[in-house]
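# Observations on the three-dimensional arrangement
The chain contents come next:
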Amino acid sequence: MNRLIDFFINEQRLKWKVYVASSGIAFIYALVRLFAFHGSERSVGFEAVIVLFVLVATFVTVYVAKGEAFFTEAKRPKTVRLGWRLAVTGAVAASLLVSTYVIGISSLQAAIIDFRLESLATLLDTVQAANPTDQKLRARYQKIQSIVGTSSTYQIQVDPSIIEKTQTAVSRSLKGRSPSDQTEQLGWATAIDLQSFAYARKVETGAITPVTPRQIANTGGYLINSPVSLDNANVLYIQGEHSWIALGPGGGQFILNQSNVVFDKIDFLGSVSVSAIELVGDRSSALVRDSIMENVTQNLERITWVDVRFEKSRIHYKEGAPLRLRNVSFKDCDLSQVGGFLGPVNYELEKRIKEAQGEPITFIYEP
Amino acid sequence: MNRKTVAPTFWQLYADHVRPRGSLLLGDATLMLFVFLPPAMLQAGLKLSEALGSRPAFLNAGEMIDGVWLLLAVGLICLDSTGKLLTLSISGWRAALQKKP
């Protein structure tokens with residue numbers, strides 16, 4: 001028993017050597033299991049802790065039984081003082097740990113992203129005049145897409161105004177020049193990603209107050225049997241959790257009159273022949289994202305569709321109008337109103353939908 | 001009348017040890033900092049790498065290493081604290097019981 005007490009209380013050097021050796025072996029075991037044998041993180045973590053416990057228990061047992069372990073050194077005085085070196089190093093370690101909380105890694109991340117987006121926006125504005133190559137322009141768009149994707153995935157608190165500024169720079173860089181079709185599509189897709197991300201950040205920062213699912217209906221869904229007109233709304237953000245809105249046979253549809261509306265995670269179930277979302281007036285715009293449109297009739301033009309799935313729906317598109325599809329899939333949809341007989345954009349749209357066979361497509365046309 | 005055995009107080013359990021209690025706790029707290037410092041710094045580095053646009057595979061590997069390290073650190077601290085408290089409590093009880101009233 002005395003040796004056990006010695007190990008945990010008096011033999012500090014020996015104890016920490018045992019801990020370091022055991023942890024080192026357990027850590028190497030975990031790395032091999034993770035990267036060579038591709039074990040799952042959870043099971044490898046559990047196994048590593050078991051290995052650590054077994055190793056420490058073995059060292060302690062050996063020490064208790066023999067009075068020495070593999071790392072035992074010559075006898076030292078039992079009193080261990082908190083030396084100045086340990087105190088200084090500890091203070092530096094503590095200040096480093098505290099500084100990570102005080103500075104705030106998330107704000108540092110946001111600052112880096114803000115800086116990168118701003119410099120890319122400036123660069124796009126600059127290269128506008130310098131007339132860069134198609135390849136360079138595409139590389140810039142890809143970089144912006146990558147930044148937006150990372151920021152969105154890790155919920156980095158990017159400044160919405162900088163996102164909007166970058167979106168404007170991207171849109172401006174595409175106008176007044178004729179890049180290749182591939183670069184143009186990539187550029188517009190980037191602009192849509194930025195727009196969608198800017199809305200998300202505005203909701204997060206409280207700049208836009210979303211209408212929540214509870215306000216839509218307590219049961220998770222809502223039936224509208226007559227047209228709902230949204231007039232002169234600056235930005236109306238309707239956010240759900242795949243809450244459904246059923247469009248009843250009495251003419252259920254949303255009419256956006258000089259309004260900007262975002263439908264986020266709202267699913268539409270339709271049974272009427274009028275367009276589920278109708279834009280009226282030049283200043284109206286809509287962004288639908290992460291939604292399912294089932295059995296609806298819908299005009300695609302002028303609305304930005306992001307991560308939307310159309311199922312068993314009747315699709316319309318007015319030739320020559322802006323068309324913005326970002327990761328939009330069409331499954332078992334009626335395409336009789338879309339086709340080459342209506343014009344080249346209709347032809348391309350029909351072709352892409354058919355070729356995708358239900359997989360998401362990105363297709364943007366800006367006249 | 002039977003004499004009742006009086007339980008020792010918390011401080012009595014630790015009173016006879018060679019190291020002052022403050023030094024013992026402060027020394028161990030410092031060592032614990034070293035255990036938690038690398039995963040904390042790694043986590044901070046990974047967050048900054050995310051912002052700088054590092055590859056997801058790199059970030060994922062970093063997260064895994066960080067997770068395992070943190071788990072081992074917590075396991076070690078738990079093991080050390082349990083062992084320390086257990087042995088001290090047992091020795092304290094023994095010492096208290098051997099003292100004659």
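Structure report, in brief. (Residues numbered from 1 in each chain as written. Chains lettered and ligands numbered in written order. Predicted model: local features only at pLDDT ≥ 70, side-chain atom pairs only at ≥ 80, totals over all residues. Heavy atoms only, no water.)

Attention now goes to the pattern of salt bridges. Residue and element names in this part refer to chain A. Under the definition given, this model contains 14 salt bridges over all chains. The shortest N-O distance in the salt bridge between Lys265 and Asp290 comes to 3.8 Å. Here Lys265, found in strand β5 (residues 260–270), pairs with Asp290, found in strand β7 (residues 285–294); they are 25 residues apart in sequence, far enough to count as distant. Accessibility expressed as a relative area gives 30% for Lys265, which makes it partly exposed. Assessed through its relative accessible area of 27%, Asp290 is described here as partly exposed. A network of salt bridges, in which partner residues are shared, links Asp264, Lys265, Arg289 and Asp290. (Salt bridge = Lys/Arg side-chain N within 4 Å of Asp/Glu carboxyl O. Helix = DSSP H or I, 4+ residues; strand = E, 2+ residues; numbered from the N terminus. Buried < 20%, exposed > 50% of the residue type's maximum accessible area, 1.4 Å probe, protein only.)

Glancing now at helix α6 (residues 134–153) of chain A. All names here are of chain A. The first and last C-alpha atoms of α6 sit 28 Å apart over 20 residues, in line with the 28 Å expected at 1.5 Å per residue. Among the residues of α6, Leu137, Tyr141, Ile144, Gln145, Ile147, Val148, Thr150 and Ser151 are the ones counted as buried. Of the residues flanking the end of α6, it is Gln155, one or two places downstream, whose phi is positive at about 50 degrees. (Expected span 1.5 Å × (residues − 1).)

Contact residues are listed per partner, giving 44 residues for chain A and 44 residues for chain B. Surface buried jointly by chain A and chain B totals about 4,100 Å² across both partners, of which 80% is contributed by carbon and sulfur atoms. Scanning the region where chain A abuts chain B turns up one salt bridge. With a shortest N-O distance of 3.0 Å, Asp80 of chain B and Lys15 of chain A are connected by a salt bridge. One can count four residue pairs in polar contact (both at pLDDT 80 or more) joining chain A with chain B. (Contact = heavy atoms within 4.5 Å. Buried area = accessible area lost by both parts, 1.4 Å probe. Polar contact = N/O pair within 3.5 Å; in protein donor to acceptor, adjacent residues only side chain to side chain.)

Now for the pairing of β5 of chain A. Residues and elements named next belong to chain A. In terms of residue burial, β5 counts as a mostly covered element, since nine of its 11 residues are buried. Here nine bridges tie strand β3 (residues 236–247) to β5, and the two strands are oriented parallel to one another. Following the sheet pairing, Gln239 is matched in β5 by Asp264. Here β5 pairs with β7 via seven bridges, running parallel. Pairing of Phe268 across the sheet is with Met293, part of β7. (Pairing = 2+ DSSP bridges.)

Below, the discussion takes up the nonpolar core. Residue and element names in this part refer to chain A. Counting residues in hydrophobic clusters, the biggest one holds 39 residues, and the most contacted among them are Phe268, Ile277, Trp305, Phe310, Leu325 and Phe330. Each residue touching Leu325, except ones within four places of it in the same chain, is listed here: Leu300, Trp305, Phe330, Leu349, Ile361, Thr362, Phe363 and Ile364. Counting residues in each nonpolar core, the second largest holds 30 residues, with Leu117, Ile156, Val158 and Ile162 among its members. (Core = buried A, V, L, I, M, F, W, Y, C linked by side-chain atoms within 4.5 Å.)

Geometry only, nothing functional implied.
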